[in-house]
Every structure is written in structure tokens, then in C-alpha cells.
Amino acid sequence: MAHNCHLTDVPDVLDEARRFLNQPRPEPAPPLPSTPAGSPESARRLFVMGRSIRGTLAEVYLRSRGIGDLRDLPALRFHARCFHRATETSPCETWPALLAAVTDLDGTITGVHRTWLARDGAGKAPLITPRRAMGHLLGNGVRFGDVADVLVAGEGIETMLSIRCALPHMPLIAALSANHLAAVIFSPTIRRLYVAQDDDAAGRRAAQTLRERAEEVGIATAVLSPTKNDFNVDLRLLGPIGFAASLRRQLMPEDATRFAECRS
């Protein structure tokens with residue numbers, strides 16, 4: 001048909017075939033609904049585009065921060081070319097990025113936190129804002145481990161990963177900011193909450209608010225504090241065993257026995 005009608009384009013050939021067969025043209029498919037930028041749907045789509053952090057610049061970056069236990073971390077992924085725009089009118093750049101899934105109590109991804117990395121993974125990307133989160137964050141967080149009756153809540157991802165190196169079996173949640181830490185939603189199974197308190201005014205206020213909320217619903221609380229000014233600094237200076245010893249002294253005795261065994 002294409003030869004006889006001297007047609008070269010496939011759409012024209014299909015149109016001629018429909019005319020010959022007396023078939024109507026198909027209705028155009030409706031446009032796919034757009035995904036609003038910054039929405040939970042966009043966050044889920046971005047996270048799916050990532051890959052395991054093992055063997056990537058994300059692993060290089062975390063190890064440079066002294067975080068060596070990178071097993072069993074489904075909340076983290078790596079994206080080799082993650083878009084970054086400094087302002088709405090700035091040109092779009094691509095940088096490697098560590099992705100962290102923000103989830104609700106049911107495990108549904110509601111947001112994603114991005115840490116853009118230097119191209120060799122040796123640090124963060126040289127950007128004004130190398131960290132950003134998108135999606136629905138309030139009350140949710142980046143979760144490490146399955147929550148039963150005990151939980152440690154804190155602000156930053158690296159803070160909680162540092163604690164995980166010392167307390168590898170302890171369930172953890174990173175709320176991503178002081179305001180979000182104060183608003184973490186409690187699982188109904190929690191009986192004891194440890195708050196990893198950042199050593200600044202905002203961190204102390206957030207920890208106090210979270211503890212008051214927890215105690216109002218019958219959850220026992222305690223504060224975990226670094227020996228220096230930062231949990232990751234403690235990890236790097238003291239090492240996992242020394243850091244675990246400093247945290248172990250702040251746990252209830254039964255939790256120290258249950259959670260403080262370091263993994264090799």
C-alpha cells in the first residue's frame with residue numbers, strides 16, 4: 001500500500017489503510033495527568049528512579065562520614081543525575097544525590113529527602129542548598145528498622161545513621177528538622193521513646209515538645225545527648241564501640257542489653 005500510494009511516513013500509511021478498510025481514526029488518548037512538583041506522587045516517582053546505594057557515590061559519602069554499616073537500608077537510594085534548581089528562575093543542574101524515603105506509619109512514601117553530593121562523593125555538592133525535602137513531611141519521617149515498643153527519634157538522617165552504627169538493632173526515625181521532630185506521629189505500639197536531641201535551642205525545644213506529647217499518651221521518654229556537639233562527630237571520634245558505650249549509659253538497662261550490640 002505504501003509503495004502503490006507513494007507514501008513514506010508510517011502515519012500516512014496507517015491513514016490510507018483505515019480509509020481502504022473504512023475504519024475510523026482512533027480517538028486520541030487523553031493526556032496523562034500532570035504530577036505536581038513537590039507532591040507525594042513526584043516524591044514516589046523520584047525514589048523509584050533511584051538504585052541501591054551499595055557501590056555508589058552515596059556509599060562513598062556515608063563512609064566518609066564514618067557511617068560504615070550500610071546493610072538493610074531500604075529507605076535509602078542513589079540517583080546519579082538528580083535535578084537541582086537553586087531558584088525558580090535558575091538554570092537546572094544535575095548532581096548525584098542520596099535519596100531518603102519519608103514514610104507514614106503504614107510505610108507509604110509521602111516524601112523524599114535529597115542530599116546532593118560532590119561528583120566524587122567526598123562531600124556534599126557545592127550548592128547553596130545541598131539538602132531539600134519534597135512531599136508531605138509533617139508527622140512522618142525516614143525510618144530505619146521496624147518499630148515495636150521502643151523508638152529513637154531525631155532530626156537528621158546522618159544523626160540517625162550514626163546512632164544506628166552504635167545501636168544497630170534499635171528502630172530509628174529521622175524527622176528531618178526540629179519542627180518536624182516535634183510533630184512526629186507515634187505508632188500505637190510504642191511504650192518508650194528516646195529523643196536524640198540536637199545541641200541547639202531549636203533542637204532542645206523540639207525535643208521538649210515531643211517528650212511532652214509522648215508523655216501525654218503514656219509513652220515513657222528519655223533524651224540521648226552527644227558527648228560533643230554532634231552525634232556524627234561522636235561516632236567519628238569515638239568509633240562505633242566507644243560511641244555505643246556513651247549511648248548505652250543513657251539507655252534503660254533492659255534497652256542497653258537489647259539494642260547496644262554492635263554489628264561487625
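Being a predicted model, the structure only gives us computed values, none of them experimental.

The rules behind each value
- Residues numbered from 1 in each chain as written.
- Predicted model: local features only at pLDDT ≥ 70, side-chain atom pairs only at ≥ 80, totals over all residues.
- Heavy atoms only, no water.
- Helix = DSSP H or I, 4+ residues; strand = E, 2+ residues; numbered from the N terminus.
- Buried < 20%, exposed > 50% of the residue type's maximum accessible area, 1.4 Å probe, protein only.
- Salt bridge = Lys/Arg side-chain N within 4 Å of Asp/Glu carboxyl O.
- Pairing = 2+ DSSP bridges.
- Axes fitted to C-alpha atoms, helices over the stretch in contact; angles between N-to-C directions.
- Arc of directions from axis to C-beta.
- Contact = heavy atoms within 4.5 Å.

*Asks:* Please clarify how unusual backbone geometry should be interpreted in this entry.
*Replies:* A negative phi angle is the norm for most residues apart from glycine, just as the trans form is the norm for most peptide bonds. One non-glycine residue, Asp72, lies in positive phi territory at about 55°. Here Asp72 shows up in the loop between α3 (57-64) and β1 (76-84). Looking at Asp72, the relative accessible area reads 62%, which means it is exposed.

*Asks:* I'm lost on the pattern of salt bridges in this one. Help?
*Replies:* Two side chains with opposite charge may pair up if their charged atoms get near one another. Going through the model one piece at a time under the given rule, you end up with 12 salt bridges. Across the salt bridge formed by Asp69 and Arg71, the nearest N and O atoms sit 3.2 Å from each other. Notably, a salt bridge pairs Arg131 with Glu158, separated by 2.9 Å at the nearest N-O pair. Of this pair, Arg131 sits in strand β4 (residues 131-135) while Glu158 sits in helix α4 (residues 157-166), and the two are 27 residues apart along the sequence. Residues participating in the shared-partner salt-bridge network are Arg54, Glu59 and Arg63.

*Asks:* I would appreciate a short explanation of the sheet that holds strand β2 (residues 93-103) in the present structure.
*Replies:* Whenever strands of a sheet pair, they do so through backbone hydrogen bonds, lying parallel or antiparallel. With respect to topology, four strands assemble into an open sheet ordered β1-β2-β3-β4, the strand pairing being antiparallel. Here the strands that pair on one side only, and so sit at the sheet edges, are β1 and β4. Looking at each pair of strands side by side, their axes are set apart by 30° on average, direction ignored. Both β1 and β2 contribute to a ladder of seven bridges, which runs antiparallel. Bridge pairing in β2 links Cys82 to Trp95.

*Asks:* Any chance you could explain helix α2 (residues 40-49) here in plain terms?
*Replies:* Because each turn of an α-helix spans 3.6 residues, side chains separated by three or four positions in sequence point in the same direction. Three or more residues of α2 are buried, namely Pro40, Ser42, Ala43, Leu46 and Phe47. Along the axis of α2, the buried residues cluster in a sector spanning 155°; they form a single face. Projecting away from the buried face of α2 at angles above 90 degrees are the exposed residues Arg45, Val48 and Met49. Looking at the buried side of α2, the elements it contacts are β1, β2, β3 (109-116) and β4.

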